[in-house]
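Chain residues, written in single-letter form:
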Amino acid sequence: MAQPLTVSIAKDGKPVTDLEPYVDASAHLTAFHEGDAAFAHPHPTTKVSGDNGGPDLSFRAELPTSGNWRLFLQFQTGGKLHTAALALRVG
């Protein structure tokens, strides 16, 4: 079942509001389930144009298996690609 997932991006405790489109999306998110080969690629529902996106990014997450997931979020600011690792427990 799809669930909404919102990620907030901050740097040094301050909201990041200059997100740029990256590969035609506000960000990219991949998710890997602990202990098996389950994989998900939730798509963003937040639109970014120019350099005025953020700090909140929403995704439609369909994580098919409960348990621990490792998420990797890729987003762009100032022409530079950033990758953040996140942990998520799905009950």
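Cut-offs applied
Residues numbered from 1 in each chain as written. Predicted model: local features only at pLDDT ≥ 70, side-chain atom pairs only at ≥ 80, totals over all residues. Heavy atoms only, no water. Salt bridge = Lys/Arg side-chain N within 4 Å of Asp/Glu carboxyl O. Phe/Tyr/Trp six-rings, centres within 6.5 Å; stacked < 30°, edge-to-face > 60°. Buried < 20%, exposed > 50% of the residue type's maximum accessible area, 1.4 Å probe, protein only. Helix = DSSP H or I, 4+ residues; strand = E, 2+ residues; numbered from the N terminus. Contact = heavy atoms within 4.5 Å. Polar contact = N/O pair within 3.5 Å; in protein donor to acceptor, adjacent residues only side chain to side chain.

(A) Main features of the pattern of salt bridges. What the rule picks out here adds up to 1 salt bridge. We note a salt bridge from Glu62 to Arg60, for which the minimum N-O separation is 3.0 Å.

(B) Geometry of the packing of aromatic side chains. What the rule picks out here adds up to 2 aromatic pairs. Summarising the aromatic geometry, the rings of Phe32 and Phe39 are spaced 5.1 Å apart at their centres and angled 55 degrees between planes, so their arrangement reads as tilted. Looking at Phe32, the relative accessible area reads 38%, which means it is partly exposed. Both rings, one in Phe32 and one in Phe72, keep their centres 6.1 Å apart while their planes meet at 65 degrees; by these two values the pair is edge-to-face. Taken as a pair, Phe32 in strand β5 (residues 28-33) and Phe72 in strand β9 (residues 67-77) lie far apart in primary sequence, 40 residues in all. Given a relative accessible area of 31%, Phe72 falls into the partly exposed group. Connected via pairs of aromatic rings, a cluster forms that spans Phe32, Phe39 and Phe72.

(C) Geometry of unusual backbone geometry. Each neighbour pair has its own omega, and for Gly54 with Pro55 the value is 5 degrees, a cis peptide bond. Mapped onto the elements of the fold, Pro55 is located in the loop between β7 (43-44) and β8 (56-61). One non-glycine residue, Asp12, adopts positive backbone phi at about 55 degrees. Looking at the element boundaries, Asp12 is found in the loop between β2 (10-11) and β3 (14-15). Residue class for Asp12 comes out exposed when judged on its relative accessible area of 73%. Positive phi outside glycine occurs at Val23, with the angle close to 50 degrees.

(D) Looking closely at the environment of Asp56. By secondary structure assignment, the location of Asp56 is in strand β8. Note on Asp56: relative accessible area 41%, which makes it partly exposed. In this structure, the C-alpha to C-alpha distance between Asp56 and Thr17, residues 39 residues apart in sequence, is 8.7 Å. The residues touching Asp56, leaving out its near neighbours within four places in the chain, are Thr6, Val7, Ser8 and Thr46. A distance of 2.4 Å separates polar atoms of two side chains, one belonging to Asp56 and the other to Ser8.

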